[in-house]
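Residues per chain, in single letters:
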Amino acid sequence: MDSQHEITSGSGSQIAFIGTSKSGLWTLRRRLIWTSLWTALGRLWGGKSDVPVADAKPDDIKDLLGGALFKALYKWMEETGPVYLLPTGPVSSFLVVSDPEAAKHVLRATDNPKRPIYVKGLVAEVSEFLFGDGFAITGGDNWRVRRRAVGPSLHKTYLAAMADRVFGPSAQHLAEKLEGVAASGESIDMEACFSQLTLDVIGKAVFNYDFDALNTSSPLIQAVYTALKETEQRATDLLPLWKLSFLAPLVPRQRKALEAVELIRATTERLIAKCKDMVDAEEQARFGEGYINEADPSVLRFLIASREEVSARQLRDDLLSMLVAGHETTGSVLTWTLYLLEQNPSAMAKAREEVDAVMGERSQPTVADFMALRYVMRCVNESMRLYPHPPVLLRRAQIADTLPGGYSVPAGQDVMISVYNIHRSPAVWDHPNEFRPERFPLDEPVPSEQTTDYRFIPFSGGPRKCVGDQFALMEAVVALAVLLKRFEFKLDMSYEKMELNLVLVLNLHNPRMESS
Ligand code: HEM
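In this text, all values refer to a predicted model and were calculated from it rather than measured experimentally.

### Re helix α15 (residues 345-359)
Compared with an ideal rise of 1.5 Å per residue, which puts 15 residues at 21 Å, α15 spans 21 Å between its outermost C-alpha atoms and is within 8% of the ideal. All of the buried residues along α15 are Ala-347, Ala-351, Glu-354, Val-355 and Val-358. Projection of α15 onto a plane perpendicular to its axis shows the buried side chains occupying an angular sector of 100°, all on one side. Looking at α15, the residues exposed on the side facing more than 90 degrees away from the buried face are Pro-345, Ser-346, Ala-349, Glu-353 and Ala-357. Looking at the buried positions of α15, the neighbouring elements they touch are α14 (328-343), α16 (367-372), α17 (374-386) and α19 (469-486). Remark: Gly-360 follows α15 within two positions and exhibits a positive phi of approximately 55°.

### A look at the environment of Lys-276
Its location among the elements puts Lys-276 in helix α11 (residues 252-281). Owing to 15 C-beta atoms within 10 Å, Lys-276 belongs among the partly exposed residues under this scheme. Once the C-alpha coordinates of Lys-276 and Val-97 are considered, the two residues, 179 residues apart in sequence, prove to be 44 Å apart.

### Section: the site of the ligand
Within the structure, the ligand sits among 22 residues, and Gly-326, Thr-329, Ser-460, Cys-466 and Gly-468 are positioned closest to it. Elements with a contribution of two residues or more to the shell around the ligand: α13 (312-325), α14 and α19.

### Quick notes on the sheet that holds strand β7 (residues 414-418)
Strand order in the open sheet formed by five strands is β1-β2-β7-β4-β3, and the pairing between neighbours is mixed. Whereas interior strands pair on both sides, the edge strands pair on one side only; in this sheet they are β1 (83-87) and β3 (118-119).

### Observations regarding the nonpolar core
Membership of the largest hydrophobic core comes to 126 residues, with the highest contact counts inside it found for Val-97, Val-376, Val-415, Val-477, Val-478 and Ala-479. Ranked by the residues each element gives to this core, the list is headed by α19, at 13 residues. For Val-97, the contacting residues outside a window of four places in its chain are Val-83, Ala-102, Ala-103, Val-106, Val-415, Met-416, Ile-417 and Ser-418.

Conventions we followed
- Residues numbered from 1 in each chain as written.
- Predicted model: local features only at pLDDT ≥ 70, side-chain atom pairs only at ≥ 80, totals over all residues.
- Helix = DSSP H or I, 4+ residues; strand = E, 2+ residues; numbered from the N terminus.
- Expected span 1.5 Å × (residues − 1).
- Buried ≥ 20, exposed ≤ 12 C-beta atoms within 10 Å, placed from the backbone.
- Arc of directions from axis to C-beta.
- Contact = placed C-beta atoms within 7 Å.
- Near = placed C-beta within 6 Å.
- Pairing = 2+ DSSP bridges.
- Core = buried A, V, L, I, M, F, W, Y, C linked by C-beta atoms within 7 Å.

Printed below as a string of structure tokens:
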């Protein structure tokens, strides 16, 4: 409470100072800075906070960066409670939220015109070099207008067309590749296969372009990994040298990331140019609700044909947002779901039984089949509960706030919603660490933040919720159905693999490492 009070009264003084001398303003600024520093010190180290402080020193956190931080976040939740301050420096901290009600409060008040309390904050800062002006990270009116334009491009009719024309055929394509491997009796890295599959899908669905990543090595995949790794490192850099843009070309890590971004942008621009030519060449079709262009039903085409005013750069960055946000995430969900099914033979048997019963002789599910594959869908949901990707969501308070439970949030506070903690908290779920797809009954709606009152938030919630959630769920269920129909999978314990790459801040552990 102290902090809110002091900051509020400080701002009040500022109004009184406006119009007075320059030196008066400087005095005030100095006073405000000192007040904030003093308040932050008191909150973190002086026992003056109504939010408990985790027993973690900045050095502990530094040691955990790039690795097991999300496990430590869980330990601190057990020790400290569902809302705590995590010191990241002498006066800096994250307010870590592992409580569904508090998460709901923050997510709903992000970019909400009626309650504009939170913004994306740090996550926007650290990924601006990649997403540029893309709507995944911008805020306010700039975001609202463009989100409204992109949302309809993923409507139901479009998804149905995608299931038949993209999700199914791409999964079949992967199955053909696996057929050869199965015949040879060799092991294959399914994580890499899923990453290639999801790049092929997003390429065709968003750009009407075939990367053919399943057959040819795509430098784009590596570029996306490199860029995402850089955002992750930036978010946790204790010395954020990346803020000094003139240094970037001199630092090898950042130079590599900038080269990767250049490649991603150049690819996106090339695809846009191709699509624009096509649209220009045709009569401008009128895109009403549910209209599907037979030759090219891609999101890009929809945007080019339906948008009134959009700069080339904005279009590139919006499309790039979808390319990056929709590729690695879905690849990770497929990897974890297959891993969990392999580790749980009874769930695998049930899923396989459902696939056989629903699909009969068909090698690829129809849209009606997809609707009937309820148990497979619950396996995907349960896998997203156990291994949410991203495992944390970042926000920053623009003004002072109070969370449910009475925890105060001063203006400027960085907030970290630990989706992983919420999904694994014993206060939220029974047997939270067990894979139990049955916890989501088949006769109830597919779980979401709405149906679970923010106990299940793999796609976030509120105004900034994932725009591709239905797309991703359909893509994942279709791919699993195609693969489970044709193959049995066995984990090769001798196979050593590098870490999984994750969007945003943290690394999840490798399934193979976890089980060893
Ligand atoms: C299983 C797969 C996916 C997961 C787990 C996932 C997760 C998320 C999450 C958690 C957010 C919100 C981040 C936040 O609140 O800070 C988000 C946003 C977003 N996602 Fe997804 N996503 C997935 C697939 C997709 C796909 C397939 C697309 C595109 C077709 C996509 C496009 C986007 C975009 C554009 C945003 C930014 C939306 C905005 O800020 O308005 N995602 N995603």
